[in-house]
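# Fold and geometry: a report
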Amino acid sequence: MKKTLDEKIDSLPPLPQSILELEDFRNLDNPTTEELIKIIEKDPLMITTILRIANSSMYGFRSQVETLSRAINLLGINFTISIAIGSVVQNTLKSNLSAYSISNDKFIYICALASEIINIWVSQIDKQLKIKLLMPAFLQEIGKFIISDFIQQNKLEDKFKEELNSEKSISDCEKEFTGLTSSKVTANIFKYWSFSPNLILPIAYVDKIQECPSSFAKSAQILEITKILTDIRNPFNEKAIENAVNKAIDYNFDTEILLTSIKQIKSKLK
């Protein structure tokens, strides 16, 4: 099964030019909003997704966000890039999340929710780390598209959904059916597309923190806690919060900061 997933990844098309331009933009010393707009304006899908997220209830901006420039100013350059790349990657994978009983739009919303955790929680821990983790947090579950496609093609959807409705973690269900977790699949996708190791490695070790290189351990721990909180079956439910707090204790994070951040986000969602 692992070989089959690897074969699916190896058969992916090359990255669209828009992604390559965004990667070059990210490496500029002094990137500007105007330069970012020029790249994003070439891709209607990017524009649509960015505006949809900017106008979601999660952010609650006082007036409708109708222009790309205003969306970037409100969301920030780094988060906007994450959304743009996420929308194109999702479209490039050309699959759906039927196996997980979730729509693509809902998935993008939960990805944005993951980035909001980084934005609110990690900004109180380490502002530079927050900037580095906005994109990995938004993209770390992209591997679910490959897994969902595999599950559907092998007519395992009903059995997979049954397991997802049990007490098992999603990662355990994924590994049981495919041999890999979505985090590992995501890392393999990004490795295939030659993304930066700074993006790949924290995601690759989310499900095996004990094996993570020390220089990426804190990032992987934060992504794991974020992944727990944004469980696509029921993000931010009491069980997810309890599990996330327990992980934070294990990793010596200040749980008061985490709980205050969770409360702030839940208040927005209401």
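Here we summarise the structure given alongside this text. Quick caveat, the model's predicted, so the values are computed rather than measured. (Residues numbered from 1 in each chain as written. Predicted model: local features only at pLDDT ≥ 70, side-chain atom pairs only at ≥ 80, totals over all residues. Heavy atoms only, no water.)

### Examining the overall build of the chain
Across its full length, the chain holds 16 helices and 0 strands. The C-alpha radius of gyration of the chain comes to 18 Å, within 12% of the 18 Å expected for a compact globule of 270 residues. With the C-alpha coordinates aligned to their principal axes, the bounding extent of the chain is approximately 45 × 45 × 35 Å. Looking at the 270 residues of the chain, the share that counts as buried comes to 53%. In the chain, the proportion of contacts linking residues at least 24 apart, taken out of those at least 6 apart, comes to 67%. Separation of charge centres in the chain, based on 32 positive and 34 negative side chains, amounts to 1 Å. (Helix = DSSP H or I, 4+ residues; strand = E, 2+ residues; numbered from the N terminus. Rg over C-alpha atoms; globule rule 2.2 N^0.38 Å. Buried < 20%, exposed > 50% of the residue type's maximum accessible area, 1.4 Å probe, protein only. Contact = heavy atoms within 4.5 Å. Lys, Arg positive; Asp, Glu negative; His and termini not counted. Charge placed at Lys NZ, Arg CZ, Asp CG, Glu CD.)

### Considering helix 16 (residues 255-269)
A rise of 1.5 Å per residue sets the reference length of helix 16, with its 15 residues, at 21 Å; its end C-alpha atoms lie 21 Å apart and thus fit the reference within 8%. For helix 16, the set of buried residues is Thr255, Leu258, Ser261, Ile262 and Ile265. For helix 16, the angular spread of buried residues about the axis comes to 125 degrees, placing them on one side. Facing away from the buried side of helix 16, by more than 90 degrees, are the exposed residues Glu256 and Lys263. Each element contacted by the buried residues of helix 16 is listed here: helix 7 (104-121), helix 14 (214-229) and helix 15 (238-250). Where helix 16 begins, the side chain of aspartate 254 points an oxygen toward the backbone nitrogen of glutamate 256, at a separation of 2.9 Å. (Expected span 1.5 Å × (residues − 1). Arc of directions from axis to C-beta. Polar contact = N/O pair within 3.5 Å; in protein donor to acceptor, adjacent residues only side chain to side chain.)

### Brief notes about the state of the cysteines
Should the sulfur atoms of two cysteines be covalently bonded, the bond is a disulfide. Summed over all chains, the structure comprises 0 disulfides. The closest cysteine sulfur to the non-disulfide-bonded cysteine 111 is located on cysteine 173, 19 Å from its own sulfur. (Disulfide = S-S within 2.5 Å.)

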